[in-house]
Amino acid sequence: MTTRIVIIGNGMAGARLAGELHAREGDRKVTVLGAEPHRAYNRIMLSTLLAGRIGEPDVELTEAAGHGIDLRTGVPVTAVDRPAREVRTADGERIPYDHLVLATGARAVVPPLPGLDPADLPRRVVPFRTLDDCRRIIAAADGARSALVLGGGLLGLEAARGLATRGLTTTVVHHTEHLMERQLDPAAGAVLAGTLAGLGVTVQLAVPATGVVADDTGVRLDLADGRSLRAGLLVLSCGVRPDTVLARAAGLTVRRGVVVDDRLRTDDRNISAIGDCAEHDDALTGLVAPAWAQARVLADVLTGTDPLARYRPRPVVTRLKAAGIDLAAMGDAVGGEPGEELTFTDPARGTYARLRIRDERLIGAILLGDNPAVGTVIQLFDRGHPVPADRRALLLGRALGATAAAPAASPALMPDAATVCQCNAVTKGALVRCWRSGARTVDAVVAATRAGTGCGGCRDAVGGIVDWLSEAESVEVTR
Ligand SMILES: Cc1cc2nc3c(=O)[nH]c(=O)nc-3n(C[C@H](O)[C@H](O)[C@H](O)COP(=O)(O)OP(=O)(O)OC[C@H]3O[C@@H](n4cnc5c(N)ncnc54)[C@H](O)[C@@H]3O)c2cc1C
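Residues numbered from 1 in each chain as written. Predicted model: local features only at pLDDT ≥ 70, side-chain atom pairs only at ≥ 80, totals over all residues.

Please explain the overall build of the protein as it appears in this structure.
What the protein contains, in helices and strands, is 12 helices and 27 strands. Rg of the C-alpha trace for the protein: 23 Å, near the compact-globule value of 23 Å for 479 residues, within the 12% margin. Counting only C-alpha atoms, the protein reaches 70 × 65 × 45 Å along its principal axes. Classification of the 479 residues of the protein by burial places 44% in the buried group. Long-range contacts, defined here as pairs at least 24 residues apart, represent 60% of the contacts in the protein between residues at least 6 apart. (Helix = DSSP H or I, 4+ residues; strand = E, 2+ residues; numbered from the N terminus. Rg over C-alpha atoms; globule rule 2.2 N^0.38 Å. Buried ≥ 20, exposed ≤ 12 C-beta atoms within 10 Å, placed from the backbone. Contact = placed C-beta atoms within 7 Å.)

Right under this line is the structure:
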């Protein structure tokens, strides 16, 4: 009998799941219902789109369109009828399922400030979550000379950098004492603020906003210290909240997100949840790598390809995608757990490094500014390998010797198990196997392994490995 799988949400998790299901054998009908009117797109590249470094066609994801998947865009689901095992759409259709997957993602938080009605935001006040939000920000920026960004987290800073790239004088207003306080310590926050200042972004710290007044010509943001800032637009970047509306109304267990087990199952065995809307082991993810890992595991479980597949969270590495700022933060970098601490600060060069080590392993790190050891540090953290005895090489970014403990930058010296693409969890070994099985260009290797299709930060590394393999082959042939 054909299994009917319905996926609610055509975002990064839902679209990837549809692709994973399509790639596996079996008789099933997959229906994807997406509220947004667009084909699936790469949400994490919206910051790069906002900065004008790519165009809209570059953010499209190809996997959900066609390929035998019944994809319906612009179709919001309004209810899940668990006893009848069907979902209802806004246009009144009822769609039956054998298995339902919630991939409803998260929504941008609109702070409860006087002057901001989440259901009716002024034209020049825009959150930053969707492609339509991005279009609205770009439209409001057109002709404006200045912009305000409320929220100095990762997304707020990417938005601010993008607006500054478009030539707007940009100010970030942040309520705590330093930027990105979830990933950075105060010293790193201070160096980052200095780097941003050099790129045309001013930062106002430790000052909560108290209200917004906006009309068609501009925005005024009132601050708790009595000042008011004026600009042509205000971008809201105040965090996200998992979209659990359907799950709650259907009576599923919801804490911060929809609660799932290691097989991504909710407390209804016919319903799963993945991506930003899901809460696994008391944790929300909010990142694409875990969402795609969950899609892979769920596809294995649902199709019986690997009924024993289980989702196991991996260590998270956060990178800022903003031209002129190199920042990577990972693990417990801010320091709650005891451990060896090493720091190096050079504010004049916009450089800061902090390593936290316990039992000879990295438990957290911050690398800000140009540090050639960043790839090595990420690999050491990701693989849990021992750090080299000479820590200065990591801290100062000096060239490393080829030691067993420290994978060097050359592809030849990288272990096969080293993860090259963090978003898709693709190792060097997988890239080499792909090349050996016939994919001879970067595009072919990317298409076959998906490496580089998330944030795109590993594209150069993938290119380096393909070049190295090609050169090695031509040497063999010449011999
Ligand atoms: C600007 C920006 C930059 C980012 N950068 C990074 C980054 O560098 N690295 C990283 O790892 N992560 C990044 N993220 C986070 C990443 O985009 C999310 O973790 C990822 O999109 C989660 O995928 P998802 O499918 O769970 O949610 P989403 O991609 O939000 O998709 C959910 C979809 O479900 C739809 N939906 C909701 N309710 C319904 C309904 N009732 N009926 C039908 N459809 C519904 C929504 O409309 C949406 O299209 C970024 C996010 C943004 C906004």
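I'm lost on the sheet that holds strand β25 (residues 361–368) in this one. Help?
What the five strands build is an open sheet, ordered β21-β22-β25-β24-β23; its pairing is antiparallel. Unpaired on one side and paired on the other, β21 (317–319) and β23 (340–346) mark the two borders of the sheet. Strand-to-strand twist in this sheet, taken as the mean axis angle between neighbours without regard to direction, amounts to 15°. Taken together, the five bridges between strand β22 (residues 327–331) and β25 define a ladder with antiparallel strand orientation. Note that in β25 the partner of L327 across the bridge is L368. Against the sheet, helix α8 (residues 374–383) makes contact with β21, β22 and β25, and its axis sits at roughly 150° relative to β25, the strand it touches most. (Pairing = 2+ DSSP bridges. Axes fitted to C-alpha atoms, helices over the stretch in contact; angles between N-to-C directions.)

What is the right way to look at the domain arrangement of the protein in this model?
Many structure descriptions define interface size as the accessible area lost when the parts assemble. Domain assignment breaks the protein into domain 1 (3–106 + 241–303), domain 2 (125–238), domain 3 (326–409) and domain 4 (411–479). If you average the C-alpha positions of domain 1 and of domain 3, the two centres end up 36 Å apart. (Domains from an automatic or database assignment.)

Can you help me understand the packing of helix α1 (residues 12–22) against helix α7 (residues 288–303) in this one?
The relative placement of two packed helices comes down to the angle between their axes together with the axis-to-axis distance. At a closest axis distance of 9 Å, the pairing of α1 and α7 adopts a crossing angle of 35°. Crossing hand, α1 versus α7: right-handed. Residues M12, A13, R16, L17, E20 and L21 of α1 form the contact with α7, whose own contacting residues are V288, A291, W292, Q294, A295, R296, L298, A299 and T303. (Left-handed = near helix turned anticlockwise from the far one by under 90°.)

For this particular structure, what's the right way to read the nonpolar core?
Note that soluble globular proteins tend to have their nonpolar side chains buried in a common cluster. In this structure, L17 and I274 are the most contacted members of the largest nonpolar core, which totals 73 residues. Considering each element in turn, this core owes the most residues, 11 residues, to α7. Residues lining this core come from more than one domain, with at least three contributed by each of domain 1 (3–106 + 241–303) and domain 4 (411–479). When sequence neighbours within four positions are dropped, the list of residues in contact with L17 reads I7, V101, A103, I274, A295, L298 and A299. Counting residues in each nonpolar core, the second largest holds 70 residues, with M45, A159, A164 and I378 among its members. (Core = buried A, V, L, I, M, F, W, Y, C linked by C-beta atoms within 7 Å.)

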